[in-house]
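Letter by letter, the chains look like this.
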Amino acid sequence: MRVVAASAAAVDWCSWLGLFDDEAGLRVVAVPTQALRYANSLPPDFEARFPGFAKFRAEVLFGFEPDLVICDDYQNALTIEALRRAGTEVCTLEAIRGFEDLRTNLARLARALEASVASQRVAEAADRLEAERRALELQVAAGTESWTKWRVLPCYELGGHIASAGRGSSEALLLELAGVANVATDLGLVGHDKVRLERLLEVDVDCFLVSDEKDIEGLRRRPALAQVAAMREERFVVLDARLRQANSPFVLTAARALRAQLELLANPGTRDG
Amino acid sequence: MCVLASILPTSFVLALLFGETRGFTLRELWAYAFTSDLPFIDATILDLRLGRALVATMVGAALALSGAMLQGLFRNPLASPSVLGVTSGAALGASIALVLLGGLGPASWLRFADTMPLVLVPAAAFAGALLVTALLVVVGLRGASSSMLLLCGIGIASLCGGLVQTVQSIVLRDWELSASITAWSFGSLDDRSPVHALPVALPLAVALLMIPFLHRELDLVAFGEDTARALGVRDLRLRLQVVLLSSLLAASAVAVAGQIAFIGLVVPNFVRLVVGGRHGTLLPLSALSGASLLLVVDLFERSVLAEMSLQPGALLSLVGAPIFLFLIIKESRGQGYW
């Protein structure tokens, strides 16, 4: 079976399922070049081993003679239809808005790969997904550390405004899995939206979740935020942008990384597993 | 004139021979067209290119012919379907449909029928453009002069543009939906099939058939509305015919390919520079040139710029605008071409 992983999320899923391994029983024949920037886990010698393509177009994808194309369900529907018309199976993955979407995507992949040797890996992956979640839930339930009470605001710059990720976003799931409160949800934000500073001052924030130092500088440049607890206490958690926006099972990895970062911030010198 | 006319078949064949993947020989193209003696993969790739080339031909021709008609009617080189608000009306229709559907694709709420958004969004775009056309026709029927009609069009375009921005602001939080609207507004020929060419081909055929009945009157309008009227031009009827035809052309083109800027405005001006202002020649050659230009630009984007994601409207403006400016400046040093 020849597979094209046509989005960064599809590449993440293939990595997580171990489909890039030589023993997987199928061949990933092409990946998008943007996976280099946005995918969370790439196999060794990724660029040399897997031909890249820049455009999600039927002719480009069809040129790799795939049996299966894995892509996101918001990618060009005309391309998806053209591929299906040409007899190529297309497995579309939902954007992750809740844990149920991970299960849905895994079920779709299981259906698409059921005739391949990799079907066993996918079946095992379902158990792994649930086990990873249970492990996180246990950690959250047992957590007594001070930071578990923190109210975190994931934030980034959006055209001169501070934006955040509220209900129905993968970052909201990330915070939920990590066991911390999402201020954006309290603010009533749905999806990714601008944050009104006035409301932010009203609800207060214990910690900012950012992608890099530039984000922190951006927050510091806003005098209005000086009164926010997170600012006064210098509480910033830096998580790589790709991990923050993981649209795949790597959201579980992101949740573990966030917990570790929060632990480190609350108790410098210690490191949570 | 012969050169312009010969570019279309040449560029059409080139659009089939070259693309993002393998190149084909003329012999293979012959086999594809007449003997069905090609491997499945090659035939499928040529199917994909054929659909795209047909849509590029129809859309390019429709937009350029629409612009040429409007410029003739309004005696204004700045007139184009977008100035009349037709493309903004289409954009508004498409944006509303995308919001109601939740996106253009399997992500939309019409999961039970994946292909429905692919029909409904262009249909809504067409409806939006028709609504604007209807408004313009009503204004025209009330006896508005050409300049008044043009001003009404500009007003409607601003209103529709504002409404589109409002819709975009409202859905900014939904990344997938915002991306759908933005992608649609860029205009694209990606993965269109021959079926997509049909809705544009029909109004285009009607408009081309109407040229013999319109070109003389449009020539007379160039002398001014009063003179044209004195020479027997029935200006109200002409205005309605031209506005209706050009709007239908633009509406169908925009519904199928999104907003592809530049062609409707620049191609007729370019052709006028080359062949003069007689509409009997100008209108068909504008259609031919618009089709050829979009085919060539699309071929360039698919072959030379295969690694870059650049939509045809942007590429047309980047490549064509400097050439056009050069021609205009060169011409203005001699005598006005209009």
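Residues numbered from 1 in each chain as written. Chains lettered and ligands numbered in written order. Predicted model: local features only at pLDDT ≥ 70, side-chain atom pairs only at ≥ 80, totals over all residues. Heavy atoms only, no water.

**Looking at the interface of chain A and chain B**
Logical step 1: Contacts between chain A and chain B engage 33 residues on the former and 36 residues on the latter.
Logical step 2: Of the roughly 2900 Å² buried where chain A meets chain B, counting both sides, 54% is carbon and sulfur surface.
Logical step 3: Looking at the side of chain A facing chain B, the largest losses of area belong to A:Arg57, A:Glu59 and A:Leu78, adding up to 26% of the total buried there.
Logical step 4: Salt-bridge contacts for A:Arg57 lead to B:Glu301; the nearest nitrogen and oxygen are separated by 2.9 Å.
Logical step 5: The tally of links between chain A and chain B comes to ten residue pairs in polar contact (both at pLDDT 80 or more).
Logical step 6: Considering every element that reaches the side of chain A that touches chain B, the biggest residue donor is helix α5 (residues 77-85) of chain A, with eight residues.
Logical step 7: For the side of chain A that touches chain B, the per-class residue count stands at 14 nonpolar, seven polar and twelve charged. (Contact = heavy atoms within 4.5 Å. Buried area = accessible area lost by both parts, 1.4 Å probe. Salt bridge = Lys/Arg side-chain N within 4 Å of Asp/Glu carboxyl O. Polar contact = N/O pair within 3.5 Å; in protein donor to acceptor, adjacent residues only side chain to side chain. Helix = DSSP H or I, 4+ residues; strand = E, 2+ residues; numbered from the N terminus. Nonpolar A, V, L, I, M, F, W, Y, C, P; charged D, E, K, R; others polar.)

**Re the sheet that holds strand β1 (residues 2-5) of chain A**
Residue and element names in this part refer to chain A.
Logical step 1: The five strands are arranged β3-β2-β1-β4-β5 in an open sheet whose pairing can be described as parallel. For this open sheet the edge positions go to β3 (52-53) and β5 (89-93), each flanked by a neighbour on one side alone.
Logical step 2: When β1 meets strand β2 (residues 27-32), the two strands line up parallel, connected through three bridges. Looking at the pairing, Val 3 lines up with Val 28 of β2. (Pairing = 2+ DSSP bridges.)

**Here's the deal with empty space enclosed by the protein**
Logical step 1: Summed over the entire model, instances satisfying the criterion amount to three cavities of 30 Å³ or more.
Logical step 2: Residue lining of the largest cavity: A:Arg57, A:Ala58, A:Glu59, B:Glu20, B:Leu48, B:Arg49, B:Arg52, B:Asp191, B:Arg192 and B:Arg302, and that is the complete set.
Logical step 3: Going through the elements one at a time, α4 (58-62) of chain A together with α3 (40-74) of chain B are the ones with two or more residues in the lining of the largest cavity.
Logical step 4: For the lining of the largest cavity, the element with the highest residue contribution is α3(B), accounting for three residues.
Logical step 5: Each residue belonging to the lining of the largest cavity can be placed in one class, and the counts come to two nonpolar, no polar and eight charged. (1 Å grid on protein atoms, 1.4 Å probe; cavity = no way out; pocket = protein on both sides within 12 Å on 5 of 7 lines; lining within 4 Å. Points joined across faces, edges and corners; volume = space filled by probe spheres on them.)

**Things to note about the environment of B:Leu84**
Logical step 1: In this structure, B:Leu84 sits in the loop between α3 and α4 (86-101).
Logical step 2: Those residues in contact with B:Leu84, other than ones at most four positions away along the chain, are B:Leu70, B:Phe74, B:Val132, B:Leu136, B:Leu149, B:Leu150 and B:Gly153.

**Looking at the packing of helix α1 (residues 2-17) of chain B against helix α12 (residues 279-303) of chain B**
Residues and elements named next belong to chain B.
Logical step 1: For the pair α1 and α12, interaxial distance at closest approach is 9 Å and the crossing angle is 30 degrees. With respect to α12, the axis of α1 lies roughly parallel. At the point where α1 passes α12, the crossing takes the left-handed sense. Across from Leu 4, Ala 5, Ile 7, Leu 8, Ser 11, Phe 12, Leu 14 and Ala 15 in α1, the residues of α12 making contact are Leu 285, Leu 288, Ser 289, Ala 291, Ser 292, Leu 295, Val 296, Leu 299 and Arg 302. (Axes fitted to C-alpha atoms, helices over the stretch in contact; angles between N-to-C directions. Parallel < 35°, antiparallel > 145°, perpendicular 65-115°, else oblique. Left-handed = near helix turned anticlockwise from the far one by under 90°.)

**Thoughts on helix α6 (residues 99-113) of chain A**
Logical step 1: Relative to the 21 Å expected for 15 residues at 1.5 Å per residue, α6(A) spans 21 Å between its end C-alpha atoms, a close match to the ideal helical length.
Logical step 2: Lining the buried residues of α6(A) we find α1 (8-17), β4 (68-72), β5, α7 (119-142), α8 (170-178) and α14 (250-266) of chain A. (Expected span 1.5 Å × (residues − 1).)

**Here's the deal with the layout of surface pockets**
All names here are of chain B.
Logical step 1: Taken as a whole, the second largest pocket encloses approximately 440 Å³ of empty space.
Logical step 2: Along the wall of the second largest pocket there are 19 residues; nearest its centre are Phe 270, Ser 289, Leu 293, Gly 320 and Ile 323.
Logical step 3: Where the lining of the second largest pocket is concerned, the elements lending two or more residues are α1, α11 (263-275), α12 and α13 (312-333).
Logical step 4: Per element, the largest residue contribution to the lining of the second largest pocket is seven residues, and it comes from α13.
Logical step 5: A per-class count over the lining of the second largest pocket returns 16 nonpolar, three polar and no charged.

**Notes on the packing of α7(A) against α8(A)**
Residues and elements named next belong to chain A.
Logical step 1: The N-to-C vectors of α7 and α8 enclose an angle of 60 degrees; their axes lie 8 Å apart at closest approach. Relative to α8, the element α7 lies oblique. In contact with Arg 133, Leu 136 and Val 140 of α7, α8 contributes Glu 176, Leu 177 and Ala 178.
Logical step 2: The residue makeup of the contact of α7 with α8, split by class, is four nonpolar, no polar and two charged.

**Regarding the confidence of the model for chain B**
Logical step 1: Of all residues in chain B, 91% have pLDDT values of 70 or greater, and the mean over the chain is 84.
Logical step 2: Two numbers describe this predicted complex: its pTM, 0.80, and its ipTM, 0.73. (pLDDT = per-residue confidence, 0-100.)

**So, the nonpolar core**
Logical step 1: Of all hydrophobic cores here, the largest spans 116 residues; its most connected members are A:Val4, B:Val59, B:Leu65, B:Met69, B:Trp184 and B:Ile260.
Logical step 2: When residues of this core are assigned to their parent elements, the largest contribution, 19 residues, is made by α3(B).
Logical step 3: Those residues within four positions of B:Trp184 in sequence are excluded, and the remaining contacts are B:Ala90, B:Ala91, B:Ala94, B:Leu98, B:Val121, B:Ala125, B:Val254, B:Gly258 and B:Gln259.
Logical step 4: Counting 56 residues, the second largest nonpolar core, distinct from the first, contains A:Ala35, A:Ala112, A:Leu252 and A:Leu258. (Core = buried A, V, L, I, M, F, W, Y, C linked by side-chain atoms within 4.5 Å. Buried < 20%, exposed > 50% of the residue type's maximum accessible area, 1.4 Å probe, protein only.)

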